[in-house]
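# Report on the structure
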Amino acid sequence: MNFLRGVMGGQSAGPQHTEAETIQKLCDRVASSTLLDDRRNAVRALKSLSKKYRLEVGIQAMEHLIHVLQTDRSDSEIIGYALDTLYNIISNDEEEEVEENSTRQSEDLGSQFTEIFIKQQENVTLLLSLLEEFDFHVRWPGVKLLTSLLKQLGPQVQQIILVSPMGVSRLMDLLADSREVIRNDGVLLLQALTRSNGAIQKIVAFENAFERLLDIITEEGNSDGGIVVEDCLILLQNLLKNNNSNQNFFKEGSYIQRMKPWFEVGDENSGWSAQKVTNLHLMLQLVRVLVSPNNPPGATSSCQKAMFQCGLLQQLCTILMATGVPADILTETINTVSEVIRGCQVNQDYFASVNAPSNPPRPAIVVLLMSMVNERQPFVLRCAVLYCFQCFLYKNQKGQGEIVSTLLPSTIDATGNTVSAGQLLCGGLFSTDSLSNWCAAVALAHALQENATQKEQLLRVQLATSIGNPPVSLLQQCTNILSQGDKINRRGSKIQTRVGLLMLLCTWLSNCPIAVTHFLHNSANVPFLTGQIAENLGEEEQLVQGLCALLLGISIYFNDNSLETYMKEKLKQLIEKRIGKENFIEKLGFISKHELYSRASQKPQPNFPSPEYMIFDHEFTKLVKELEGVITKAIYKSSEEDKKEEEVKKTLEQHDSIVTHYKNMIREQDLQLEELKQQISTLKCQNEQLQTAVTQQVSQIQQHKDQYNLLKVQLGKDSQHQGPYSDGAQMNGVQPEEISRLREEIEELKSNRELLQSQLAEKDSLIENLKSSQPSPGTNELSSATAGDSEQIAELKQELATLKSQLNSQSVEITKLQTEKQELLQKTEAFAKSAPVPGESDTVIATKTTDVEGRLSALLQETKELKNEIKALSEERTAIKEQLDSSNSTIAILQNEKNKLEVDITDSKKEQDDLLVLLADQDQKIFSLKNKLKELGHPVEEEDELESGDQDDEDDEDEDDGKEQGHI
């Protein structure tokens, strides 16, 4: 309160007392007046004074205004005035016209009033309850007041809303308001509410905020929309940035797919308004939030895959290659594409296949590299292209190989019609622009990152320096430029060129002894490095000295002692004599102590305010952190320790070789086990097939047995009842056919038995092969692993033995059938021989045959006639059925008509009864009138006759009606 009075002291005394008295009177009216109109007018007057006399109204009226909110909720008008007055007191929005020296004072004034208001948490809860009112004059000022409170003291108000029951849910209803003013201000309110509060961000996200915001963006026209789209995008960023839970919810809700239409902007040269540029910039930033390198790798990878599958990456590449796109949008698009493809092999492969719409088409990577090494391009654009190239090569050994291969002699285009990525990098590495040197060196270093194969391949690159001179290796050319020192002619920072080349050499030589050997093979390199480190130079050259010390340390640590003149021990002795170990370690520490080192180590993106700050690369800082300690240890190690370390390395290598040997053995044994398991499974299948075949054969044999027994019984009965001639006739007529069929079936059984025996022989040979292919007892691992398989093979042997026994029993039964067949044949021959007179028997057989044929023809004729009769009966049945159906339908129609007629009859009867009642009433009236006439003395005879005539007519009509009813 003292603070507020101090602020008031700055105003003039006269008007102050007058206005203070007026405000005091208005406050008294608000507090004491019993009429609602009086209180409403007083609050409206306070509202009009609150902008100009903010301090006085805030001091005297705030408590009364809060009381109005509590007690007069039934009157929306007074509530609206009270909310507007509180907003004018607390908000700093109207202070733009105030002089600069009082701006800070007014901000303090707003925070003070906010603190007074939220001191009682019930006030914020009351304000939240007022937001449920649909009345525009209550809801809109309430939204503005709560937004102002959040801007003044955000964390405190957020905490009150968070603990309030359904507090956040009430605010989410504002997005569904049909009035755009309230909806738009609701978006601003949620922006302030969700800022830097993860708990509220999660609640808002799970209250279906993503769906509502994306719907608003679509309704407003996506990137072509107004400032409402911008506000929605800022709110989406608040909800998603550094919030893994919301990012996962956004991805699983398939909301990434709804972002694709945002970037369908085409390649028009016009139509890029300032608001559209802002909207598209925020949309690209929102994509980057989902695939940021700071997110967990799993979440980033899943979002990257989703963006490729829904076509979002393809749409971004279309913008990337389009014409007429503003420079800042193009730069942000390159950065966005970079992070969408970073570390994702599928996306990197797609980006490698993108071509620019030129004639002839060129890969997008080549077009981007042309911008990077072009010094006339904007600095931020060149940084974005470098970041894109780094992300393309990040964990992408395939892409690294493709870039390095463009530098090798076998792949270079001799005609020079096309420019490759490798040629552009070499051109930038040796150009006269220091920034191009640095960018090309860093880009080439990323092509070698964690890839020993490409480091060795790059040693094959040869450069033609001038006509007539022999070609020089790329490694040698880099060291030649370094050795020139300050004499090199470059536009920009000369240190930048040297730092870039030193970072390239350090990356190239690390973890590659062959490259170290090539570097040391040039006798001028080591003296140059020791000379650079030993000199006492200024602060600018200290960084170069530190990088030279790092390069020399790498040459020692990764040295395989293949060169006698530059073995590890001799290089250490050279350092101790020329430089000193302590001095060497001190110079090595200059790298990590540099002010720009820590800045570059924070983020992968090369984001520099100006070219002078472009010194370190993010991946190189990781390499320095990894090698600084091991190089320090290697310098201080003695020769004996080196020998011990070499011995330990050799033993470790031997151990590794033994481990790899055993791994290969285990892998081979696993393959053998898999083969054996496959063979066992095939044997099981074949065994099951054989078992099914055996069961089928057994059932067939049983059927043949039954048929054979039936035939024997029939033959016995015929031989008992008929004489020898009839037996002979049956043997010559029917029995030979049955015998031939039995012969065929016996032949089939024989062939099946031979087939089964051949299959059994194959299985026996396969089992013998498996036995012979089992490993020797010396290999304990394989014998223990195949123990279970041998048991399964033994079980298969037992099953095969049972199959053999079944086949043997079948063969015995087949032989029995063959013997019985032979006996039948002998009987037929005996019957044929026992016939007394051949002529007579032939005649008898012929006569009987004709009789049988006649009977058969008669039976066939009868069956044919019966079939015809059955056919005719079925046709008659269908016709009768059709007639029955038609008669049923006519009966149903007649029944309906009958029901209608009955209803009509009942209606007519009711009408007749009503008419009879009316006639009776009329007769009664006529009779009473006649009596009156008689009493008056009027004659009524003729009328009586008329009445009798009328009565006769009525009787006739009644008879006619009765006849009609009877007819009906």
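Each chain carries its own residue numbering, running from 1 in the written order of its sequence. Under the rules for a predicted model, residues below a pLDDT of 70 receive no local features and side-chain atom pairs below 80 are neither given nor counted, while totals for whole chains, interfaces and linings still include all residues. As a rule here, side-chain values cover all heavy atoms of the structure and leave hydrogens and water aside.

### Some words on the overall build of the protein
For helices the rule is a DSSP run of H or I covering at least 4 residues; for strands it is a run of E covering at least 2, with both sets numbered from the N terminus onward. Counting its regular elements, the protein contains 43 helices and four strands. Note on exposure labels: buried denotes an accessible area under 20% of the residue type's maximum, exposed denotes more than 50%, and partly exposed covers the range between, all computed with a 1.4 Å probe on protein chains only. Looking at the protein as a whole, 41% of its 968 residues qualify as buried. Entry remark: accessible area of the protein is about 53,200 Å², with carbon and sulfur atoms responsible for 52%. Reported accessibility uses the Shrake-Rupley method at a 1.4 Å probe radius. Residues are deemed covered only where the shown protein chains occlude them.

### As for the side chain of T147
In this fold, T147 is placed in helix α8 (residues 136-152). Since its relative accessible area comes to 9%, T147 is described here as buried. Polar contact is defined as a pair of N or O atoms within 3.5 Å, subject to the rule that within protein one atom must be able to donate a hydrogen and the other to accept it, and that residues adjacent in sequence are counted only when both atoms are side-chain atoms. Polar contacts involving the side chain of T147 include one to the main-chain carbonyl oxygen of V143, which spans 2.7 Å. For this analysis, residues touch if any pair of their heavy atoms sits within 4.5 Å. Apart from the residues lying within four places of it in its own chain, the contact partners of T147 are D185, L188 and L189.

### Remarks on the packing of helix α19 (residues 327-341) against helix α20 (residues 345-353)
Packed helices, taken two at a time, are described by the angle their axes make and the gap between the axes. Comment: axis = line fitted to C-alpha atoms, over the contacting stretch for helices; angle = value between 0 and 180 degrees taken between N-to-C directions. Here α19 crosses α20 at 135 degrees, and the two axes come no closer than 8 Å. By the angle between their axes, α19 is oblique relative to α20. On α20, the residues that touch V337, V340 and I341 of α19 are N347, Q348 and F351. When residues are sorted by character, Ala, Val, Leu, Ile, Met, Phe, Trp, Tyr, Cys and Pro go into the nonpolar class, Asp, Glu, Lys and Arg into the charged class, and all the rest, Gly among them, into the polar class. Classifying every residue of the contact of α19 with α20 gives four nonpolar, two polar and no charged. Each angle is binned into one of four classes, with values under 35 degrees roughly parallel, values over 145 roughly antiparallel, values of 65 to 115 roughly perpendicular, and all other values oblique.

### Describing the packing of aromatic side chains
Classification of ring pairs rests on two measures: the distance between centres of Phe, Tyr or Trp rings, Trp counted by its six-membered ring, which must be within 6.5 Å, and the angle between planes, read as stacked under 30 degrees, edge-to-face over 60 and tilted in between. Scanning the entire structure with this criterion turns up 12 aromatic pairs. Their ring planes at 35 degrees and their centres at 5.9 Å tell us that F210 and F249 sit as a pair that is tilted. In this pair, F210 is assigned in helix α13 (residues 209-220) and F249 in helix α15 (residues 244-252), connecting sequence segments 39 residues apart. Between F250 and Y255, the ring centres sit 5.5 Å apart and the planes meet at 40 degrees, which makes this aromatic pair tilted. Summarising the burial analysis for this pair, F250 and Y255 share the class buried. Members of the aromatic cluster, connected to one another through ring pairs, are F206, F210, F249, F250 and Y255. Here the basic side chain of K144 rests over the ring of Y87, its NZ or CZ set 5.1 Å away from the ring centre. Only when the NZ atom of a Lys or the CZ atom of an Arg is both within 6 Å of the ring centre and within 35 degrees of the ring normal do we say a charge sits over the ring.

### What about the packing of helix α5 (residues 76-90) against α8?
At a minimum axis distance of 9 Å, the contact between α5 and α8 shows a crossing angle of 20 degrees. Between α5 and α8, the angle is such that the two are roughly parallel. As α5 runs across α8, the sense of the crossing is left-handed. Of α8, the residues touching α5 (which contributes S76, I79, G80, L83, D84, L86, Y87 and I90) are H137, V138, P141, G142, K144, L145, S148, L149 and Q152. Looking at the contact of α5 with α8, its residues break down into nine nonpolar, six polar and two charged. By definition, any crossing whose near helix is turned counterclockwise from its far helix by less than a right angle is left-handed, and any crossing with a clockwise turn is right-handed.

### Examining the side chain of S169
Inspection of the secondary structure puts S169 in helix α10 (residues 167-172). Reaching out from S169, the side chain makes a polar contact with the side chain of E207 at a distance of 2.8 Å.

### Let's talk about a nonpolar patch on the surface
Each patch groups residues whose relative accessible area exceeds 30% and which form no salt bridge, using 9 Å between like charges and 5 Å between nonpolar side chains of Val, Leu, Ile, Met, Phe, Trp and Tyr. Each salt bridge in this description consists of a side-chain nitrogen of Lys or Arg and a carboxyl oxygen of Asp or Glu lying within 4 Å of one another. There is a patch of nonpolar side chains on the surface, built from I658, Y662 and I666 and spanning about 290 Å² of accessible area. Summarising the element assignment, I658 is placed in helix α37 (residues 639-721).

### Description of the pattern of salt bridges
Counted under the stated rule, the structure contains 20 salt bridges. Across the pair R73 and E133 runs a salt bridge, and its minimum N-O distance is 3.7 Å. Here the residue R73 occupies a position in the loop between α4 (54-71) and α5, and E133 occupies one in the loop between α7 (121-130) and α8, the gap between them amounting to 60 residues. Given a relative accessible area of 34%, E133 falls into the partly exposed group.

### A word on a negative patch on the surface
Residues scored as charged are limited to Lys and Arg (positive) and Asp and Glu (negative), so that His and the chain ends carry no count. For the purpose of locating charges, the reference atoms are NZ of Lys, CZ of Arg, CG of Asp and CD of Glu. Where like charges cluster on the molecular surface, the negative patch consists of D904, D907, E911, D913 and D914. Looking at the element boundaries, D914 is found in helix α42 (residues 838-936).

### Structural notes on helix α33 (residues 581-588)
Listed in full, the buried residues belonging to α33 are K581, F584, I585, K587 and L588. Down the axis, α33 shows its buried residues gathered within 160 degrees of arc, on one side only. Packing partners of the buried residues in α33 comprise α30 (525-534), α31 (539-557), α32 (568-578), α34 (590-593) and α36 (618-636). Directions are taken from the helix axis to each C-beta atom, and the arc is the one they span.

### With respect to the environment of P527
Within the fold, P527 resides in helix α30. It is 9.8 Å that separates the C-alpha atoms of P527 and R578, two residues lying 51 residues apart in sequence.

### What about the confidence of the model for the protein?
What pLDDT expresses is the predictor's confidence in each residue, scored from 0 to 100. Averaged over every residue, the pLDDT of the protein is 82; the share at 70 or more is 79%. Across residues 1-16, where pLDDT falls below 50, the model places 16 contacts with residues more than four positions away in sequence or in other chains. Contacts of residues 95-101 to residues separated by more than four positions or lying in other chains number three contacts, the stretch itself having pLDDT below 50.

### Description of unusual backbone geometry
Residue P360 is bonded to the preceding N359 through a cis peptide linkage, with omega at 0 degrees. Mapping P360 onto the fold places it in the loop between β1 (355-356) and β2 (362-363). The phi torsion at N242 lies on the positive side, around 55 degrees, for a residue other than glycine. Phi at E450 is positive, roughly 55 degrees, even though this residue is not glycine. By the secondary structure assignment, E450 is in the loop between α25 (434-448) and α26 (452-458).

### Some thoughts on helix α24 (residues 421-429)
Of all the nine residues making up α24, seven are buried; the element is thus mostly covered by neighbouring parts of the structure. Taken residue by residue, α24 has A421, G422, L424, L425, C426, G428 and L429 as its buried positions.

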